[in-house]
Amino acid sequence: MGLLDILLGRTKPVAPDLDQLFALPSVAVTLQAAAGFTPTGHGAVCFATVEGAAFEQTHREVQALLDADADRSGPPVELRQDDYGYSWLVSRRAPDQLPQLVNDLHAVNSSMEVNGFGPQLLCSLAGFTDDAGRRLALVYLYKRGTFYPFAPLSGTAQRRDNALELRVKAALGDDLRIEQDLSRWFPVWGAPGL
């Protein structure tokens, strides 16, 4: 960062810290105690799709790596497209296998980063639910190195439970690096894995 950057108020971007994902299993305990949410076992990594053989090869390698897990039960890892044209690599585990789900998310992010596709990574999320059927995702913003809660309200309208999101932010503030800029708490409507 140079003098001109300092004078113009530019800041150096935060480097992604994928090891932050490993905090999710301990955060799940706090989340259950504070708000009654438990893991669903579903999670996903979102990335901008790139055309080309190298990207396809990386995607196939990541999917083969995750599908080769002998402890995996249920559906294999799945690649899905959302309504906005982004790709989601979805992993489903048993609800009590949050550490394994986090390993899946970390493996996808790491593999894409190592193969030069880090700029295409957008976010990762892990899904949670409570006894009332409310859904919640803890979303990791790759380019910011921070988390935020996303709580869509049930129904067809795209509305979110802002009060719940702020309560979760307050409850997890000591355990996770929470995104402080609320304008970066992007809605992930229809995200697979939520």
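Residues numbered from 1 in each chain as written. Predicted model: local features only at pLDDT ≥ 70, side-chain atom pairs only at ≥ 80, totals over all residues. Heavy atoms only, no water.

**Here we look at the side chain of aspartate 104**
Item 1. Inspection of the secondary structure puts aspartate 104 in helix α4 (residues 98-114).
Item 2. Engagement of the side chain of aspartate 104 in a polar contact is seen with the side chain of serine 91, the distance being 2.6 Å.
Item 3. Within the local environment of aspartate 104, its side chain forms a polar contact with the side chain of arginine 93, the two groups lying 3.0 Å apart. (Helix = DSSP H or I, 4+ residues; strand = E, 2+ residues; numbered from the N terminus. Polar contact = N/O pair within 3.5 Å; in protein donor to acceptor, adjacent residues only side chain to side chain.)

**Here we look at empty space enclosed by the protein**
Item 1. Tallying each qualifying case throughout the model produces one cavity of 30 Å³ or more.
Item 2. Its boundaries defined by the atoms lining it, the largest cavity holds a volume of some 40 Å³.
Item 3. Around the largest cavity, the lining residues are Phe47, Thr58, His59, Val62, Leu89, Val108 and Met112.
Item 4. Ranked by residues supplied to the lining of the largest cavity, first place goes to helix α3 (residues 53-67) with three residues. (1 Å grid on protein atoms, 1.4 Å probe; cavity = no way out; pocket = protein on both sides within 12 Å on 5 of 7 lines; lining within 4 Å. Points joined across faces, edges and corners; volume = space filled by probe spheres on them.)

**Re the pairing of strand β4 (residues 121-129)**
Item 1. With respect to burial, β4 is a largely interior element, seven of its nine residues being buried.
Item 2. Looking at chain direction, strand β1 (residues 38-47) and β4 are connected through seven bridges and run antiparallel. Across the sheet, valine 45 pairs through a bridge with serine 124, a residue of β4.
Item 3. In this antiparallel pair of consecutive strands, β4 and strand β5 (residues 135-141), the connection spans five residues, and glycine 133 shows a positive phi of 85 degrees. (Buried < 20%, exposed > 50% of the residue type's maximum accessible area, 1.4 Å probe, protein only. Pairing = 2+ DSSP bridges.)

**As for the layout of surface pockets**
Item 1. Roughly 420 Å³ of internal volume is contained in the largest pocket.
Item 2. If you trace the largest pocket, you find 18 residues lining it, with Leu122, Cys123, Phe186, Pro187 and Val188 closest to the centre.
Item 3. Counting only elements with at least two residues in the lining of the largest pocket, the list comes to β4 and β5.
Item 4. Classifying every residue of the lining of the largest pocket gives 14 nonpolar, no polar and four charged. (Nonpolar A, V, L, I, M, F, W, Y, C, P; charged D, E, K, R; others polar.)

**Focus: the packing of aromatic side chains**
Item 1. Tallying each qualifying case throughout the model produces three aromatic pairs.
Item 2. Measuring from ring centre to ring centre gives 6.1 Å for tyrosine 148 and tryptophan 185, while their planes differ by 20 degrees; the resulting arrangement is stacked. Highlighted residues: tyrosine 148 in strand β6 (residues 146-150) and tryptophan 185 in the segment after α5 (162-172), separated in sequence by 37 residues. (Phe/Tyr/Trp six-rings, centres within 6.5 Å; stacked < 30°, edge-to-face > 60°.)

**Focus: the side chain of arginine 160**
Item 1. Residue placement: arginine 160 occurs in the loop between β6 and α5.
Item 2. Residue arginine 160 is classed as buried on the basis of its relative accessible area of 17%.
Item 3. A polar contact of 2.9 Å, which involves the side chain of arginine 160, links it to the backbone oxygen of tryptophan 185.
Item 4. With residues near it in sequence (within four places) discarded, arginine 160 still touches Tyr148, Pro149, Phe150, Ala151, Pro152, Leu153, Glu165, Trp185, Phe186, Pro187 and Trp189. (Contact = heavy atoms within 4.5 Å.)

**With respect to the environment of aspartate 67**
Item 1. Following the sequence through the fold, aspartate 67 ends up in helix α3.
Item 2. Put simply, aspartate 67 and glutamate 78 are eleven residues apart on the chain and 9.5 Å apart in space, counted from C-alpha to C-alpha.

**Observations concerning the pattern of salt bridges**
Item 1. Enumeration over the complete set of coordinates arrives at eight salt bridges.
Item 2. Residue arginine 134 is joined to aspartate 130 by a salt bridge in which the shortest nitrogen-to-oxygen separation is 2.7 Å.
Item 3. For arginine 134, a relative accessible area of 32% translates into the label partly exposed.
Item 4. Residue class for aspartate 130 comes out buried when judged on its relative accessible area of 12%.
Item 5. Between arginine 184 and aspartate 181 there is a salt bridge whose closest N-O contact spans 3.7 Å. (Salt bridge = Lys/Arg side-chain N within 4 Å of Asp/Glu carboxyl O.)

**A few points about the confidence of the model for the chain**
Low pLDDT marks stretches whose predicted atomic positions should not be read closely.
Item 1. Averaged over all residues, the pLDDT of the chain is 87; the fraction at 70 or higher stands at 89%.
Item 2. Mean pLDDT across the elements of the chain ranges from a minimum in helix α1 (residues 3-7), with 58, to a maximum in β6, with 97. (pLDDT = per-residue confidence, 0-100.)

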